[in-house]
Amino acid sequence: MARERPVAGGAGPGPRPASDRDPGLQPERTRLAWRRTTLSATVVALLAGRQLLRNAEGGAVVAAEAALTGLVWFGFVVLAHRRMRAMADGRPPGLPPRTALLLIGCTLALALCGAVILLQG
């Protein structure tokens, strides 16, 4: 429900424009959620790398899997960092659909890389 405030001329309370909305702590909570998600992706990538080192039998295959996992992780971190910086001003723009799709793709690719690495072990 929109907060009401008096309008000029004493006409009484009126709805507040959307530009006067105080976002409160929501941007900070969202930034922290992005940091936790980035940390989780980093842990997944490190665990995948650890598993690859344990099963380092096929040199070229292991190198390709490690490179792909690292590339996907790096892409996720770059996109998440951009979003965290956009959240810094307190009035972030909406998440562009292209960025959302790229983040979803990175997340799914990282999970798939981890599953493939585990199934090989």
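Above this text sits the structure in question.
First things first, this report covers the structure right here in the doc. (Residues numbered from 1 in each chain as written. Predicted model: local features only at pLDDT ≥ 70, side-chain atom pairs only at ≥ 80, totals over all residues. Heavy atoms only, no water.)

**Structural notes on helix α3 (residues 97–120)**
Argument step 1. Across its 24 residues, α3 extends 34 Å between first and last C-alpha, which sits within 8% of the 34 Å expected from 1.5 Å per residue.
Argument step 2. Buried residues of α3: Thr99, Leu103, Cys106, Leu110, Cys113, Gly114 and Ile117, and no others.
Argument step 3. The secondary structure elements touched by the buried residues of α3 are α1 (26–54) and α2 (59–87). (Helix = DSSP H or I, 4+ residues; strand = E, 2+ residues; numbered from the N terminus. Expected span 1.5 Å × (residues − 1). Buried < 20%, exposed > 50% of the residue type's maximum accessible area, 1.4 Å probe, protein only. Contact = heavy atoms within 4.5 Å.)

**Structural notes on the nonpolar core**
Argument step 1. Membership of the largest hydrophobic core is limited to 10 residues, which are Trp34, Ala41, Val72, Phe76, Leu79, Ala80, Met84, Leu103, Cys106 and Leu110.
Argument step 2. Sorting the residues of this core by element identifies α1, α2 and α3 as the ones contributing at least two each.
Argument step 3. Sort the elements by how many residues they give to this core and α2 lands first, with five residues.
Argument step 4. The residues touching Leu79, leaving out its near neighbours within four places in the chain, are Thr99, Leu102, Leu103 and Cys106. (Core = buried A, V, L, I, M, F, W, Y, C linked by side-chain atoms within 4.5 Å.)

**Observations concerning α1**
Argument step 1. Between the first and last C-alpha of α1 there are 42 Å, a value that for 29 residues agrees with the 42 Å anticipated at 1.5 Å per step.
Argument step 2. Every buried residue of α1 is accounted for by Pro27, Trp34, Thr38, Ala41, Ala45, Ala48, Gln51 and Leu52.
Argument step 3. Buried residues along α1 sit against α2 and α3.

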